[in-house]
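# Summary of the model geometry
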Amino acid sequence: MNGLRAEMKRLWWPVAAMAAVVVVSNIAVQHPFTPWGLQDYLTWGAFTYPVAFLVTDLTNRRFGVAAARRLVAVGFCIAVVMSALLAEPRIAAASGIAFLVGQLLDVSVFNRLRRLAWWRAPLASGLIGSAIDTALFFSLAFAGVVTDVASYSVLGFSLYAPVWVAWGVSDFMVKVAMALLMLVPYGALLRIVLPVEQPRKA
(Lines give C-alpha, C1' and ligand atoms only; values in the text may rest on other atoms or scores of the structure.)
Protein backbone atom coordinates (compact mmCIF):
# COMPACT_ATOMS: atom_id res chain seq x y z
CA MET A 1 0.00 0.00 0.00
CA ASN A 2 2.80 2.39 0.90
CA GLY A 3 4.52 1.56 -2.38
CA LEU A 4 1.37 2.36 -4.32
CA ARG A 5 0.97 5.67 -2.49
CA ALA A 6 4.56 6.59 -3.23
CA GLU A 7 4.07 5.69 -6.88
CA MET A 8 0.94 7.82 -7.21
CA LYS A 9 2.66 10.69 -5.40
CA ARG A 10 5.43 10.86 -7.96
CA LEU A 11 3.04 10.38 -10.88
CA TRP A 12 0.49 13.01 -9.88
CA TRP A 13 1.62 15.55 -12.44
CA PRO A 14 1.58 13.25 -15.49
CA VAL A 15 -1.75 11.75 -14.35
CA ALA A 16 -3.28 15.23 -14.01
CA ALA A 17 -1.88 16.30 -17.38
CA MET A 18 -3.11 13.14 -19.09
CA ALA A 19 -6.61 13.40 -17.68
CA ALA A 20 -6.86 17.06 -18.73
CA VAL A 21 -5.69 16.34 -22.27
CA VAL A 22 -8.09 13.44 -22.82
CA VAL A 23 -11.13 15.23 -21.40
CA VAL A 24 -10.47 18.33 -23.47
CA SER A 25 -9.98 16.17 -26.54
CA ASN A 26 -13.23 14.27 -25.93
CA ILE A 27 -15.08 17.55 -26.01
CA ALA A 28 -13.08 19.06 -28.87
CA VAL A 29 -13.57 16.05 -31.17
CA GLN A 30 -17.31 16.73 -31.20
CA HIS A 31 -16.75 20.11 -32.85
CA PRO A 32 -15.71 20.34 -36.51
CA PHE A 33 -12.74 22.57 -37.31
CA THR A 34 -14.50 25.33 -39.25
CA PRO A 35 -11.64 27.74 -40.15
CA TRP A 36 -10.76 27.75 -43.86
CA GLY A 37 -13.76 25.55 -44.62
CA LEU A 38 -12.22 22.39 -43.11
CA GLN A 39 -15.30 21.28 -41.19
CA ASP A 40 -15.64 18.20 -43.42
CA TYR A 41 -12.05 17.20 -42.74
CA LEU A 42 -11.09 17.96 -39.14
CA THR A 43 -12.31 18.32 -35.61
CA TRP A 44 -10.63 20.41 -32.92
CA GLY A 45 -9.59 17.24 -31.13
CA ALA A 46 -6.89 16.61 -33.72
CA PHE A 47 -4.86 19.47 -32.25
CA THR A 48 -5.19 18.59 -28.56
CA TYR A 49 -4.96 14.81 -28.27
CA PRO A 50 -1.35 14.38 -29.54
CA VAL A 51 -0.16 16.08 -26.35
CA ALA A 52 -1.14 12.86 -24.54
CA PHE A 53 1.66 11.02 -26.31
CA LEU A 54 4.15 13.66 -25.16
CA VAL A 55 3.02 13.15 -21.55
CA THR A 56 3.33 9.36 -21.88
CA ASP A 57 6.76 9.52 -23.50
CA LEU A 58 8.17 11.92 -20.90
CA THR A 59 6.83 9.68 -18.13
CA ASN A 60 8.35 6.64 -19.84
CA ARG A 61 11.71 8.40 -20.12
CA ARG A 62 11.64 9.63 -16.51
CA PHE A 63 10.16 6.72 -14.57
CA GLY A 64 10.40 3.75 -16.92
CA VAL A 65 8.02 1.50 -18.83
CA ALA A 66 6.21 0.09 -15.78
CA ALA A 67 5.35 3.56 -14.48
CA ALA A 68 4.26 4.64 -17.96
CA ARG A 69 1.85 1.71 -18.12
CA ARG A 70 0.47 2.62 -14.71
CA LEU A 71 0.02 6.18 -15.94
CA VAL A 72 -1.97 4.90 -18.92
CA ALA A 73 -4.15 2.74 -16.66
CA VAL A 74 -4.85 5.52 -14.16
CA GLY A 75 -5.28 8.11 -16.90
CA PHE A 76 -7.67 5.77 -18.70
CA CYS A 77 -9.87 5.36 -15.62
CA ILE A 78 -9.95 9.08 -14.86
CA ALA A 79 -10.56 10.03 -18.48
CA VAL A 80 -13.41 7.55 -18.95
CA VAL A 81 -15.22 8.73 -15.81
CA MET A 82 -14.80 12.40 -16.62
CA SER A 83 -15.59 11.88 -20.29
CA ALA A 84 -18.78 10.06 -19.40
CA LEU A 85 -19.88 13.18 -17.56
CA LEU A 86 -18.81 15.62 -20.27
CA ALA A 87 -19.31 13.75 -23.53
CA GLU A 88 -21.84 11.43 -25.11
CA PRO A 89 -21.56 7.80 -23.89
CA ARG A 90 -20.45 6.48 -27.27
CA ILE A 91 -17.78 9.17 -27.57
CA ALA A 92 -16.55 8.39 -24.06
CA ALA A 93 -16.42 4.62 -24.71
CA ALA A 94 -14.67 5.03 -28.07
CA SER A 95 -12.19 7.44 -26.57
CA GLY A 96 -11.43 5.09 -23.68
CA ILE A 97 -10.79 2.05 -25.88
CA ALA A 98 -8.72 3.97 -28.42
CA PHE A 99 -6.78 5.68 -25.65
CA LEU A 100 -5.92 2.45 -23.86
CA VAL A 101 -4.79 0.55 -26.97
CA GLY A 102 -2.96 3.48 -28.58
CA GLN A 103 -1.16 4.56 -25.42
CA LEU A 104 -0.07 1.05 -24.41
CA LEU A 105 1.30 0.55 -27.91
CA ASP A 106 3.10 3.89 -27.63
CA VAL A 107 4.67 2.80 -24.32
CA SER A 108 5.96 -0.49 -25.78
CA VAL A 109 7.36 1.03 -28.97
CA PHE A 110 9.02 3.88 -27.07
CA ASN A 111 10.64 1.47 -24.62
CA ARG A 112 12.06 -0.68 -27.41
CA LEU A 113 13.54 2.31 -29.27
CA ARG A 114 14.64 4.49 -26.35
CA ARG A 115 18.33 3.56 -26.73
CA LEU A 116 18.44 4.89 -30.31
CA ALA A 117 18.77 8.54 -31.41
CA TRP A 118 16.74 10.74 -29.04
CA TRP A 119 14.02 11.56 -31.58
CA ARG A 120 13.35 8.06 -32.88
CA ALA A 121 11.47 6.67 -29.88
CA PRO A 122 8.98 9.54 -29.41
CA LEU A 123 8.39 9.96 -33.14
CA ALA A 124 7.90 6.28 -33.99
CA SER A 125 5.81 5.53 -30.90
CA GLY A 126 3.69 8.63 -31.45
CA LEU A 127 3.00 7.84 -35.10
CA ILE A 128 2.18 4.18 -34.52
CA GLY A 129 0.07 4.89 -31.44
CA SER A 130 -1.76 7.69 -33.24
CA ALA A 131 -2.55 5.51 -36.25
CA ILE A 132 -4.17 2.81 -34.10
CA ASP A 133 -5.88 5.35 -31.85
CA THR A 134 -7.37 7.23 -34.81
CA ALA A 135 -8.64 4.10 -36.55
CA LEU A 136 -10.27 2.79 -33.38
CA PHE A 137 -11.74 6.05 -32.18
CA PHE A 138 -13.39 7.25 -35.38
CA SER A 139 -14.79 3.85 -36.33
CA LEU A 140 -16.18 3.20 -32.85
CA ALA A 141 -17.45 6.74 -32.26
CA PHE A 142 -19.00 7.65 -35.60
CA ALA A 143 -19.56 4.61 -37.85
CA GLY A 144 -23.29 4.21 -38.40
CA VAL A 145 -24.07 7.38 -36.47
CA VAL A 146 -22.63 10.16 -38.64
CA THR A 147 -24.15 9.26 -42.00
CA ASP A 148 -23.39 12.44 -43.95
CA VAL A 149 -21.45 11.82 -47.15
CA ALA A 150 -19.28 14.46 -48.78
CA SER A 151 -17.33 14.76 -52.02
CA TYR A 152 -13.55 15.04 -51.76
CA SER A 153 -11.06 15.87 -54.48
CA VAL A 154 -8.04 13.53 -54.44
CA LEU A 155 -5.42 13.84 -57.20
CA GLY A 156 -7.97 15.36 -59.51
CA PHE A 157 -10.60 12.69 -58.83
CA SER A 158 -13.83 13.26 -56.93
CA LEU A 159 -14.41 10.68 -54.23
CA TYR A 160 -17.47 10.28 -52.03
CA ALA A 161 -16.91 9.14 -48.47
CA PRO A 162 -18.64 9.41 -45.10
CA VAL A 163 -17.67 12.61 -43.32
CA TRP A 164 -16.34 10.67 -40.34
CA VAL A 165 -13.89 8.77 -42.55
CA ALA A 166 -12.55 12.06 -43.90
CA TRP A 167 -12.33 13.33 -40.32
CA GLY A 168 -10.26 10.27 -39.40
CA VAL A 169 -7.85 10.58 -42.34
CA SER A 170 -7.41 14.30 -41.85
CA ASP A 171 -7.12 13.81 -38.09
CA PHE A 172 -4.23 11.41 -38.60
CA MET A 173 -2.49 13.80 -40.98
CA VAL A 174 -2.65 16.49 -38.31
CA LYS A 175 -1.37 14.00 -35.73
CA VAL A 176 1.62 13.29 -37.97
CA ALA A 177 2.39 17.00 -38.04
CA MET A 178 1.82 17.24 -34.28
CA ALA A 179 4.12 14.25 -33.65
CA LEU A 180 6.87 16.16 -35.42
CA LEU A 181 6.00 19.33 -33.52
CA MET A 182 6.02 17.52 -30.16
CA LEU A 183 9.69 16.69 -30.75
CA VAL A 184 10.45 20.33 -29.95
CA PRO A 185 9.27 20.29 -26.30
CA TYR A 186 10.48 16.70 -25.90
CA GLY A 187 13.97 17.61 -27.06
CA ALA A 188 13.97 20.76 -24.95
CA LEU A 189 13.16 18.74 -21.82
CA LEU A 190 15.73 15.98 -22.33
CA ARG A 191 18.20 17.50 -19.86
CA ILE A 192 15.47 18.18 -17.32
CA VAL A 193 13.44 14.97 -17.47
CA LEU A 194 16.24 12.52 -16.73
CA PRO A 195 15.69 8.78 -16.16
CA VAL A 196 15.56 7.79 -12.50
CA GLU A 197 16.12 4.12 -13.30
CA GLN A 198 17.71 2.01 -15.99
CA PRO A 199 15.38 1.20 -18.91
CA ARG A 200 13.93 -2.30 -18.76
CA LYS A 201 12.80 -4.56 -21.54
CA ALA A 202 9.05 -4.59 -22.27
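Above: the structure in question.
Let me sum up the structure you'll find in this document. (Residues numbered from 1 in each chain as written. Predicted model: local features only at pLDDT ≥ 70, side-chain atom pairs only at ≥ 80, totals over all residues. Heavy atoms only, no water.)

## Regarding the environment of Leu-58
Assignment of secondary structure puts Leu-58 in helix α4 (residues 51-63). We classify Leu-58 as buried; its relative accessible area is 8%. Separated by 46 residues in sequence, Leu-58 and Leu-104 place their C-alpha atoms 14 Å apart. If near-sequence neighbours (up to four positions away) are discounted, Leu-58 is found in contact with Tyr-186, Leu-189 and Val-193. (Helix = DSSP H or I, 4+ residues; strand = E, 2+ residues; numbered from the N terminus. Buried < 20%, exposed > 50% of the residue type's maximum accessible area, 1.4 Å probe, protein only. Contact = heavy atoms within 4.5 Å.)

## Side note on the nonpolar core
Ranked by size, the top nonpolar core spans 18 residues in total, and within it Met-18, Val-22, Tyr-49 and Phe-99 carry the most contacts. At the level of elements, α2 (12-28), α4, α5 (65-86) and α6 (89-113) are the ones that each hand at least two residues to this core. Here this core gets six residues from one element, more than from any other, and that element is α5. The residues touching Met-18, leaving out its near neighbours within four places in the chain, are Ala-52, Val-55, Thr-56, Leu-71, Gly-75, Phe-99 and Gln-103. (Core = buried A, V, L, I, M, F, W, Y, C linked by side-chain atoms within 4.5 Å.)

## As for the environment of Leu-38
On the secondary structure map, Leu-38 appears in the loop between α2 and α3 (45-48). Relative accessible area serves as the criterion here: at 27%, Leu-38 is assigned to the partly exposed category. Between the C-alpha atoms of Leu-38 and Ser-170, which are 132 residues apart in sequence, the distance is 9.5 Å.

Note that every value here comes from positions in space, so none of it alone points to a role or purpose.
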